[in-house]
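Architecture and fold: a report
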Amino acid sequence: MTRPARIPDDQLDAQLNPLIATGWTLEDSRKAITRTFRFDDFVGAMGFMTRAALYAEKWDHHPEWSNVYSKVTVRLTTHDADGLTELDLRLAQQMDALV
Ligand SMILES: C[C@H](O)[C@H](O)[C@H]1CNC2=NC(N)=NC(=O)C2=N1
């Protein structure tokens, strides 16, 4: 399968703007974005992870994430491209749409 290329650095800020607005932050030398999602309880957090996981599988693009009770911390990057690609932006947008 063809993997998307890393988004050129001079285009990154413009493309990330809508995600920065919802709480994503750029990290790791501009190679990853992270956001912490907070829910009412563990069931809310697990429901989010379960729904997001279906998109991760469908798009063959998987988050790095951790869960502590009602909190889910997500880090998105494309390992194959060693940086951010459109797949990360798409998954981030989808996660935003789930909350
Ligand atoms: C073989 C398989 O398509 C690859 O390993 C996929 C799976 N999921 C992935 N997820 C992420 N976040 N980055 C990748 O490079 C990646 N590669």
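Our structure's up above, just so we're on the same page.
Residues numbered from 1 in each chain as written. Predicted model: local features only at pLDDT ≥ 70, side-chain atom pairs only at ≥ 80, totals over all residues. Heavy atoms only, no water.

With that out of the way, let us pick up empty space enclosed by the protein. With the rule as written, the count across this model stands at one cavity of 30 Å³ or more. Residue lining of the largest cavity: R6, I7, D9, L12, R30 and L84, and that is the complete set. Its residues assigned to classes, the lining of the largest cavity shows three nonpolar, no polar and three charged. (1 Å grid on protein atoms, 1.4 Å probe; cavity = no way out; pocket = protein on both sides within 12 Å on 5 of 7 lines; lining within 4 Å. Points joined across faces, edges and corners; volume = space filled by probe spheres on them. Nonpolar A, V, L, I, M, F, W, Y, C, P; charged D, E, K, R; others polar.)

W24, I33, F48, V74 and M95 are the most contacted members of the largest nonpolar core, which totals 22 residues. Where this core is concerned, the elements lending two or more residues are α1 (9-21), β2 (32-38), α2 (42-58), β4 (71-76) and α3 (86-98). The element contributing the most residues to this core is α3, with five residues. Once you skip the residues sitting within four places of it in the chain, I33 turns out to touch L16, L19, W24, T25, L26, V74, R75, L76, L84, D88 and A92. (Core = buried A, V, L, I, M, F, W, Y, C linked by side-chain atoms within 4.5 Å. Buried < 20%, exposed > 50% of the residue type's maximum accessible area, 1.4 Å probe, protein only. Helix = DSSP H or I, 4+ residues; strand = E, 2+ residues; numbered from the N terminus. Contact = heavy atoms within 4.5 Å.)

That's the geometry; what it means functionally is another story.
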